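# Examining the three-dimensional arrangement
Listed here are the chains, written in short residue letters.
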Amino acid sequence: MIISLRHLFVDSWIGRAAALLIFLAFIGWGVGDVYSNLGATGSNEIVRIYDRSITPDDFSRALSAQLPAVAKQIGLADPSKLPKSEVEQIARQTLQNLVMQNEIQLAADRAGMMVPDDLVRQDIFAIPAFHDAAGKFDRSIFNDRLTRMGLTEGKLIQVIREDIASRGLLQGIGQAVVAPPSLTERMLSFDANQRVFDMVEIPFASGTVTAAPTDEQLHRFYDNHPQMFRTTEYRHAKMVVMTADSVAKTIEVPDDVLHRLYDFQARTYDMPETRTLQVLTFTDQAKAAAAATAWKGGLSWDDIQKKFPEAAAVALPSVRQSDIPNPELAKAAFAAQPDRISGPEKTGMGWVVFNITAVVAPHKTTFEQAKGDLKKQVQTQESAEALQARQKQFQDAVAGSSTLEQIPGDLGAVPAAGTLDSNGMTQDGLPAPIPGDETLRQAIVHQVFTQSKGAQPTVVNGPNGTFFSVLVDEVHPGTLKPFDSVRDQVVQAWTAEQKRRAANLRATALFGNAKSGTLRKAMDGQPEASALRQDVSVSRVHPDQSLPQNILRGIFDLKPGTTGMFETPDAFWLVNVTADRPASAEDLKSLGTRLVDDYRQSMQSDIPMVLSAAMEKAFPPSHINMALYNQVVAAAAPASAPAPENGAH
């Protein structure tokens, strides 16, 4: 987070302004002022921070810039494919960052930081987007760029002035943090030093049984282990379940609300041709030509960016021609053939080389076609609040229904009934049709097998804000199978137990000998000697993944020269630690650097947390308009995939 803060507020304005005016504009400015007609001025702000506010346009531009970046990080070419839960998380973080930007500016104002006009002018004149072909500031280009992007000169001056003040306030934040050498050396020794050991595995199956079991032994084993020879217990239960999804389906949405939402999202439903671009921008024509040649030679988008780091690179997913503020690039991109490297093209912002990776033809979605999705949007937005609001009604309905059969259908409570075992499986071996995701299913099954038969149903708070109630009306306990019907199973279980016991005795005897000497001496001349592994070495950063986890942990608990005995589900293990070995030079170098960086970043990450808490205390956000917030989020990624959900319905 500290790195993000420094990039946002401390890095040079020249680089940030160029990115803002050239690249973020590609995917953010296209929203225009679609929100400006939502109502009066008081309603056209999402959050107020003291005397400053974040408008829907501010939030939309920032969110539209973040979604493609996050999508690319997780390997998605199209931000609309981001899961809904991911979009919501990105939206919350984006708004939090905007709030903090405003809080920092308020702190700069309170500190009396005055930015000279000459310094503002110097920064503006240094922005490449406002330069002519000779690399000098051009007033006509400046005016044209601002007009095309909907910025006034006064607004740009204000933004730059505030940025300079913020940089002055935050310059150097976290730079003094260092990782103490004594601590990093101890951490390095803990993680990278190697343990050297000998080991042998004694499988249960290696134990020998000298004689066949007698009937008396089998009957005794059968009597002592009844749980191994019982039929499965099944219970029949009725249940009613309320989740946000089940409640959403019962929320009525008037057509006039849907029509207003359709008009509000007209940009989404009346789509001209859109294209997905990958763009490199150069100030030098020769370098642009070299990049075009290399790109045409088969380099990937990631590789071409690495090969030409001096280029300004941006990926533009599903943009309209009007979304691109560079008119020369817009015209060339929408005339170019897809999947073909184009350029270099001379534009007012430099020499561009680009690739069209996808083209979507113009299309219009009618209101009737969009109505279902629009209704679902509204229902989803209101479902969480409606679920909580209906909790009391649900509790009253359950209290008044001893059979769970009088629960009003308009509450959004989903009924279900069936016979299942403690794993949630039916007698046919299939998952019982319990509503909800896997965590809710597990909670309901647990309740079914802990609640007494015939007990009065009550409302249980389930995971993720859900509610459910259960009535257990039949219990079919498992019964002990007759000995004669399971005799073969008893023989197999008795034999396996005897082999395990024999292996235990053998491993214990070897363990005793190893404790008085070494494992190597204890194994000398023994039948298991061929299974002995010698001079095995592991470290915490280089564990042997073939070894069970409890053995890997135990190795580091043993002191050199000592032996331990461990049990896994199918074997006993003897381990004798013979030495501690210093870490390799390669590990010391690579891990040492990483430890220092990780520790420093961990310490630095605490600074913005403390700063943010202090800022919020001094300038707490107020007047949060959640309805407007939700509308902006829905408009930014209207086609986002739903969050994954498991379970039968």
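Everything numeric here is computed off the predicted structure, so don't read it as measured data.

### Some thoughts on the overall build of the protein chain
- A count of helices and strands for the protein chain gives 23 helices and 17 strands.
- Sorting the 649 residues of the protein chain into buried and exposed places 41% on the buried side.
- Summarising the internal contacts of the protein chain: among those between residues at least 6 apart in sequence, 74% fall at separations of at least 24.

### Quick look at the sheet that holds strand E6 (residues 274–282)
- The four strands lie next to each other as E7-E6-E9-E8, forming an open sheet whose pairing is antiparallel. The open sheet is flanked by strand E7 (312–319) and strand E8 (341–347), the only strands paired with a single partner. Averaged over all pairs of adjacent strands, the angle between their axes in this sheet comes to 25°, without regard to strand direction.
- As judged from the six bridges shared by E6 and E7, these two strands associate in the antiparallel manner. Residue pairing for E7: valine 279 is matched across the bridge by valine 314.
- With respect to the sheet, helix H13 (residues 285–296) is in contact with E6, E8 and strand E9 (350–360), its orientation differing from that of E8 by roughly 165°.

### Brief notes about the sheet that holds strand E2 (residues 52–54)
- Spatial ordering of the open sheet is given by E2-E1-E17, a layout of three strands whose pairing is antiparallel. Every interior strand has two partners, whereas the edge strands, E2 and strand E17 (621–622), have only one.
- In the sheet, strand E1 (residues 47–49) pairs with E2 via three bridges, with the strands oriented antiparallel. If you follow valine 47 over to E2, its bridge partner there is isoleucine 54.

### Side note on unusual backbone geometry
- Following glycine 343, the chain continues into proline 344 via a peptide bond in cis, with omega recorded as 10°.
- Relative to the helices and strands, proline 344 resides in strand E8.
- In this structure, tyrosine 50 is a non-glycine residue whose phi angle is positive, near 60°.
- Here tyrosine 50 is to be found in the loop between E1 and E2.
- Judged by relative accessible area, which is 57%, tyrosine 50 ranks as exposed.

### Overview of the confidence of the model for the protein chain
- On average, residues of the protein chain score 83 in pLDDT, and 88% of them reach the 70 mark or higher.
- Here residues 1–42 is modelled with pLDDT under 50, and outside its nearest four sequence neighbours on either side it reaches 109 contacts, counting other chains as well.
- Long-range and interchain partners of residues 643–649, a stretch whose pLDDT sits below 50, account for 18 contacts in this model, where long-range means more than four residues apart.

### Notes on the packing of helix H9 (residues 215–224) against helix H19 (residues 487–515)
- Close contact between H9 and H19 brings their axes to 10 Å; oriented N to C, the two are set at 90°. By the angle between their axes, H9 is roughly perpendicular relative to H19. Along the contact surface, H9 presents Asp215, Gln217, Leu218, Phe221 and Tyr222, while H19 presents Arg487, Val490, Val491, Ala493, Trp494 and Glu497.

### Structural notes on the pairing of E6
- For E6, the tally of buried residues reaches nine of nine residues, placing the bulk of the element in the interior.
- Alternating positions in E6 separate into two faces, Thr274, Thr276, Gln278, Leu280 and Phe282 on one and Arg275, Leu277, Val279 and Thr281 on the other, with burial throughout.
- Sheet topology note: the E6/E9 ladder contains nine bridges and is antiparallel. Bridging from a neighbouring strand, leucine 277 pairs with isoleucine 356 of E9.

Rules of the game
Just so you know, the residues in each chain are numbered from 1, in the order the chain's sequence is written. The predicted origin of the model limits local features to residues at a pLDDT of at least 70 and limits the giving and counting of side-chain atom pairs to 80 or more, whereas totals for whole chains, interfaces and linings rest on all residues. Heavy atoms from the whole structure form the basis of all side-chain values; hydrogens and water molecules are not counted. Helix and strand definitions follow DSSP, with helices as H or I runs of at least four residues and strands as E runs of at least two, each counted in order from the N terminus. Working definition: with a 1.4 Å probe on protein chains only, accessible area under 20% of the residue-type maximum means buried, over 50% means exposed, and in between means partly exposed. Contacts between residues were defined by any pair of non-hydrogen atoms, one from each residue, lying within 4.5 Å. At least two bridges found by DSSP between two strands are what make those strands a pair. Throughout, an axis means a line fitted to C-alpha atoms (over the contacting stretch in the case of helices), and angles, computed between N-to-C directions, take values from 0 to 180 degrees. pLDDT measures the predictor's confidence residue by residue and takes values from 0 up to 100. Convention used here: angles under 35 degrees read as roughly parallel, angles over 145 as roughly antiparallel, angles from 65 to 115 as roughly perpendicular, and any remaining angle as oblique.

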